[in-house]
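Architecture at a glance
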Amino acid sequence: MRTRLLALVLLLLLAGCSSGGTRDDGRITLRFQSLAWQEESVEANRQLVKEWNATHPDVRVEYVQGSWDSVHDQLLTAFEGGEAPDIIHDASDDLADFAYGGYLADLTGLLPARLKSDIPQRSWETTTFGAGVYGVPFLQEPRVLIANATWLRESGVQIPTPEKPWSWAEFRRITERLSGGGKYGVAWPLKEPVSATLNLSLSAGGQLFHRGPDGKVTVRFQAADQVVPRTVHDQANTDRSASPTTLGSGGSDTLPGFFAGRYAMVPLGFSYRQQIVQQAPKGFDWQVLPAPAGAGGLTQGVSPQTLSIAEDCPYKKEAAEFLDFFLRPPNMVRLALGDWMLPTGTEALKDPALHRTKDGWATGTALAGHLRPAPAQSVRGYPEWKDKVATPALQEYYSGAIGIGELRRRLEEDGNLVLARYQR
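Remember, predicted model here, so these are calculated numbers, not experimental data.

Further remarks concern the overall build of the protein chain. What the protein chain contains, in helices and strands, is 18 helices and 17 strands. At 23 Å, the protein chain has a C-alpha radius of gyration in line with the 22 Å of a compact globule built from 424 residues. When its C-alpha atoms are laid out on the principal axes, the protein chain stretches across 85 × 50 × 40 Å. Scored against the burial criterion, the 424 residues of the protein chain give a buried share of 54%. Here the contacts in the protein chain between residues at least 6 apart in sequence split such that 74% fall between residues at least 24 apart. Per element, the accessible surface of the protein chain, about 18600 Å² overall, is 51% carbon and sulfur. Within the protein chain, one finds 43 positive and 48 negative side-chain charges whose respective centroids are separated by 2 Å.

Structure (structure tokens):
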């Protein structure tokens, strides 16, 4: 009797650690952790799961609501504890350590040809590590300028378009022209400065991370990498055309001042348009403009949202079938509209709903072809480099506390010491 009880306890413990399982009736259950947080997005995710379950009685998907807050640490704990969900929502710049660590399944032989061909190769590169593919990139967003349309129209400045964007030098001159009397041409929300700086720097031809013949990555902060940081620094500290108080703020924190007419423009992710629609005062006229262009044109780095399958998932084939269903073109459009972002799929991008001028959809969709993998996409040790080196260094540079030379030293010397530990 005692032996049977111990065996029962062991089975229960193993079941509690399992990410998915099979019920007594033989039906498979897969746990899908979604990080959707906006009301429309959560509803779209839940509805698609409901539709799958209604048409696939033998493979039930259980929706689990996750959060973007500290998602890397949460997933790492779940992986190491054997409690990770079967299907994992994340972002591509968070996958490298999980992929190399063996926590995610290689999807190369699991995904259908339809899904592989529908998403461009440049997007697949964001989830490719070594010889494997460890996530499906499905939503992406460019960084854009959200502008006070009335202010710009009355100032007489040339309004940029995707066909004729401002250069970084023009952007600096225009923000200076729009400033004065306690008002600023731009408010940069750079509480988390690394991603914005690196991704926008691609437009100026920046690269920052350089991979040698031996596969090892080093940081080199060269002239092209300095265009965007210098612009922000000079706007805030020399021209006084950028509000110094917003440099430590998040994107949402700048919206009250934007609506109050203190800033003419705010560089934000494309999805912030939903908050603007919800919060803008009645009659407030705003528009979406492309970010400035440089030697690299309108090119930007992006880290798409991704869907992965845990390596420990016992039903990888069924999980991949759910991904195929979840990311059919009409469904991808629903997810994009719910998140106010852009789909990666070429068929979904053709949907007329994504080409409306209303709320700036057409401007964002015009930028989709210019989106490239973020510079740090496949760099092992990037999270530590970002948190311990790049974030404090950029924050001090943007505030005027250090110069460009010290910024370069810290990004290169201190940064390469961090990365070296991951590349031995």
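In the structure shown here, the tally under the stated rule is 23 aromatic pairs. A ring pair is formed by F98 and Y103, whose centres lie 6.4 Å apart and whose planes are at 75°; its orientation type is edge-to-face. Aromatic rings pair up to connect F32, W52, Y63, F322, F325 and F326 into one cluster. Just above the ring of F270 sits the side chain of R273; from NZ or CZ to the centre is 3.6 Å. The lysine or arginine in question, R273, covers the ring of W361, its NZ or CZ lying 4.0 Å from the ring centre.

Turning our attention to the pairing of strand 15 (residues 305-309). Across the five residues that make up strand 15, a large majority, five, are buried. Burial along strand 15 is two-sided: the residues Q305, L307 and I309 and T306 and S308 are all buried. Looking at chain direction, strand 4 (residues 87-91) and strand 15 are connected through five bridges and run antiparallel. Along strand 15, the bridge assignment pairs H89 with L307.

All right, on to empty space enclosed by the protein then. Evaluated as defined, the whole model comprises four cavities of 30 Å³ or more. The volume enclosed by the largest cavity comes to roughly 90 Å³. The wall of the largest cavity is formed by 13 residues, among which T197, L198, L208, F221 and D225 lie closest to the centre. Elements with a minimum of two residues in the lining of the largest cavity: helix 9 (193-201), helix 10 (223-237) and helix 17 (382-399). Broken down by element, the lining of the largest cavity gets its largest block of residues, three residues, from helix 9. Across the lining of the largest cavity, the residue classes tally to eight nonpolar, four polar and one charged. Considering only enclosed or pocket space, the second largest cavity measures out at about 60 Å³ in volume. Around the second largest cavity, the lining residues are D93, S195, L198, N199, S303, A374, P375, A376 and Y382. The greatest single-element share of the lining of the second largest cavity, amounting to three residues, is contributed by helix 9. In the lining of the second largest cavity, the residues fall into five nonpolar, three polar and one charged.

Between its terminal C-alpha atoms helix 10 stretches 20 Å, which fits the 21 Å expected from 15 residues at 1.5 Å a residue. Largest kink in helix 10: about 30°, centred on P229. Listing the buried residues of helix 10 in full gives D225, Q226, V228, P229, T231, V232, H233, D234, Q235 and A236.

Attention now goes to the side chain of S201. Tracing the backbone through its elements, the reader meets S201 in helix 9. On the accessibility criterion, S201 (5% relative accessible area) is buried. A polar atom in the side chain of S201 sits 2.6 Å from the backbone oxygen of T197. The contacts of S201, once residues within four sequence positions are left out, are G206, A224, D225, V228 and P229.

The next point concerns the environment of D86. Considering the arrangement of structural elements, one finds D86 in the loop between helix 3 (71-80) and strand 4. We classify D86 as buried; its relative accessible area is 0%. Residues D86 and L349 lie 263 residues apart in sequence; the distance between their C-alpha atoms is 28 Å. In this structure the side chain of D86 is engaged in a polar contact, spanning 2.8 Å, whose partner is the backbone nitrogen of R31.

Another aspect to go through is the sheet that holds strand 13 (residues 286-290). In any sheet, the strands associate via hydrogen bonds between backbone groups, in a parallel or an antiparallel arrangement. A sheet is described by the order of its strands in space; here four strands give the open sequence 9-12-8-13, paired in mixed fashion. Two strands lie at the open edges of the sheet, namely strand 9 (184-186) and strand 13, each paired on one side alone. Adjacent strand axes in the sheet meet at a mean angle of 25° when their direction is disregarded. Where strand 8 (residues 143-148) lies against strand 13, five bridges are found, and the strand directions are antiparallel. Counterpart to V144 in the pairing with strand 13 is P290.

Of all hydrophobic cores here, the largest spans 55 residues; its most connected members are L30, F32, V136, F322 and L327. Element by element, the count of residues in this core is highest for helix 13 (residues 316-326), at six residues. With sequence-adjacent residues up to four places away left out, L30 is seen in contact with V59, R60, V61, E62, D86, I87, C313, Y315, E318 and A319. The next biggest cluster of nonpolar side chains, apart from the first, holds 46 residues, and it includes W151, W188, L247 and I402.

The rules behind each value
Residues numbered from 1 in each chain as written. Predicted model: local features only at pLDDT ≥ 70, side-chain atom pairs only at ≥ 80, totals over all residues. Heavy atoms only, no water. Helix = DSSP H or I, 4+ residues; strand = E, 2+ residues; numbered from the N terminus. Rg over C-alpha atoms; globule rule 2.2 N^0.38 Å. Buried < 20%, exposed > 50% of the residue type's maximum accessible area, 1.4 Å probe, protein only. Contact = heavy atoms within 4.5 Å. Areas by Shrake-Rupley, 256 points an atom, 1.4 Å probe, with all protein chains shown as cover. Lys, Arg positive; Asp, Glu negative; His and termini not counted. Charge placed at Lys NZ, Arg CZ, Asp CG, Glu CD. Phe/Tyr/Trp six-rings, centres within 6.5 Å; stacked < 30°, edge-to-face > 60°. Lys NZ or Arg CZ within 6 Å of the ring centre and 35° of its normal. Pairing = 2+ DSSP bridges. 1 Å grid on protein atoms, 1.4 Å probe; cavity = no way out; pocket = protein on both sides within 12 Å on 5 of 7 lines; lining within 4 Å. Points joined across faces, edges and corners; volume = space filled by probe spheres on them. Nonpolar A, V, L, I, M, F, W, Y, C, P; charged D, E, K, R; others polar. Expected span 1.5 Å × (residues − 1). Bend = angle between axes of the 7 residues up to and from the residue. Polar contact = N/O pair within 3.5 Å; in protein donor to acceptor, adjacent residues only side chain to side chain. Axes fitted to C-alpha atoms, helices over the stretch in contact; angles between N-to-C directions. Core = buried A, V, L, I, M, F, W, Y, C linked by side-chain atoms within 4.5 Å.

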